[in-house]
Amino acid sequence: MNPAEIATILAIEETLGDNPAFRKVEKHLYVVKQGSAYVMINVVPWGDDKAMVRCVAQLVKGIRMDSGLALELLTLNARLRFGAFAYEAGEQLVLFVHSILGGSTLDSDELLATLADVALIADEYDDRLMEQYGGQRMHDLVAEAAIARIIDVEPESFHFARETTADDAPPKAE
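Residues numbered from 1 in each chain as written. Predicted model: local features only at pLDDT ≥ 70, side-chain atom pairs only at ≥ 80, totals over all residues. Heavy atoms only, no water.

### Let's talk about the pattern of salt bridges
Here is step 1: Across all of its chains, the model carries five salt bridges by this definition.
Here is step 2: A salt bridge links arginine 137 to aspartate 127; the nearest nitrogen and oxygen atoms lie 2.8 Å apart. Here arginine 137, found in strand β7 (residues 136-137), pairs with aspartate 127, found in helix α3 (residues 108-133); they are ten residues apart in sequence, far enough to count as distant.
Here is step 3: Under the relative-accessibility criterion, arginine 137 is labelled buried at 16%.
Here is step 4: Overall, the relative accessible area of 25% leaves aspartate 127 in the partly exposed class. (Salt bridge = Lys/Arg side-chain N within 4 Å of Asp/Glu carboxyl O. Helix = DSSP H or I, 4+ residues; strand = E, 2+ residues; numbered from the N terminus. Buried < 20%, exposed > 50% of the residue type's maximum accessible area, 1.4 Å probe, protein only.)

In structure tokens form, the structure reads like this:
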């Protein structure tokens, strides 16, 4: 790990550490939740002595690219002050991404402004894109995965039917 990566990690953790929406996932990876959106923050080395902060919000998965979607995303990209919508064809995934320079020059205000914009755009457009083009929001996919994992780990602990009580029993025949 180069010194710029270390400085970047320290700046991110100092700036966001007390925020309840912020979680450290692993050494170079963090996540922030905003409404129904998740923003992944990844510290990436850039050469031998620099680092970047890459902010990526996965908006909708399972959305097919067509000319209408492509035109809408490109039009939005032209209007944004920074960041861009992107499409990953293999997963049929619409993303919103933005990168800033890390290292000793990383400013807390710049980091917070970047995260706020990425998170707010992601939270707004995941719903809009899903309504217009289908697919599933990341929030929904994460919730489904969490439930599936819990059920897989302890399937006998889940009883979706209401248990009967003595009050629910049918009257005894006399």
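### Looking at the pairing of strand β3 (residues 37-46)
Here is step 1: As judged from the six bridges shared by strand β2 (residues 29-34) and β3, these two strands associate in the antiparallel manner. Bridge pairing in β3 links valine 32 to valine 39.
Here is step 2: In textbook terms, the turn of a hairpin is the stretch between consecutive antiparallel strands, and for β2 and β3 this stretch comprises two residues, one of which, glycine 35, has a positive phi near 60°.
Here is step 3: Strand direction decides the pairing type here: β3 and strand β4 (residues 50-61), joined by eight bridges, are antiparallel. (Pairing = 2+ DSSP bridges.)

### A word on the environment of isoleucine 41
Here is step 1: Structurally, isoleucine 41 can be placed in strand β3.
Here is step 2: For isoleucine 41, a relative accessible area of 0% corresponds to the buried category.
Here is step 3: Taking the C-alpha atoms as reference points, isoleucine 41 and valine 31, separated by ten residues in sequence, lie 5.8 Å from one another.
Here is step 4: Setting aside chain neighbours within four positions, we find isoleucine 41 in contact with Ile12, Leu16, His28, Leu29, Tyr30, Val32, Val53, Arg54 and Leu115. (Contact = heavy atoms within 4.5 Å.)

### Remarks on the packing of helix α2 (residues 67-79) against α3
Here is step 1: Where α2 meets α3, the axes come as close as 12 Å, and the angle between the chain directions of the two elements is 160°. Classified by the interaxial angle, the pair formed by α2 and α3 is roughly antiparallel. When you trace α2 past α3, the crossing you get is right-handed. The residues of α3 that touch α2, namely those facing Gly68, Leu69, Glu72, Leu73 and Leu76, are Tyr125, Leu129, Gln132 and Tyr133.
Here is step 2: Of the residues in the contact of α2 with α3, the class split is six nonpolar, two polar and one charged. (Axes fitted to C-alpha atoms, helices over the stretch in contact; angles between N-to-C directions. Parallel < 35°, antiparallel > 145°, perpendicular 65-115°, else oblique. Left-handed = near helix turned anticlockwise from the far one by under 90°. Nonpolar A, V, L, I, M, F, W, Y, C, P; charged D, E, K, R; others polar.)

### Details of helix α1 (residues 3-16)
Here is step 1: Taking 1.5 Å per residue, 14 residues should reach 20 Å; α1 reaches 20 Å between its end C-alpha atoms and fits that length.
Here is step 2: Every buried residue belonging to α1 is among Ala4, Glu5, Thr8, Ile9, Ala11, Ile12 and Leu16, and all of these are buried. The buried residues of α1 occupy one face: seen down the axis, they fall within an arc of 165°. Opposite the buried face of α1, at more than 90 degrees from it, the exposed residues are Pro3, Leu10 and Glu14. (Expected span 1.5 Å × (residues − 1). Arc of directions from axis to C-beta.)

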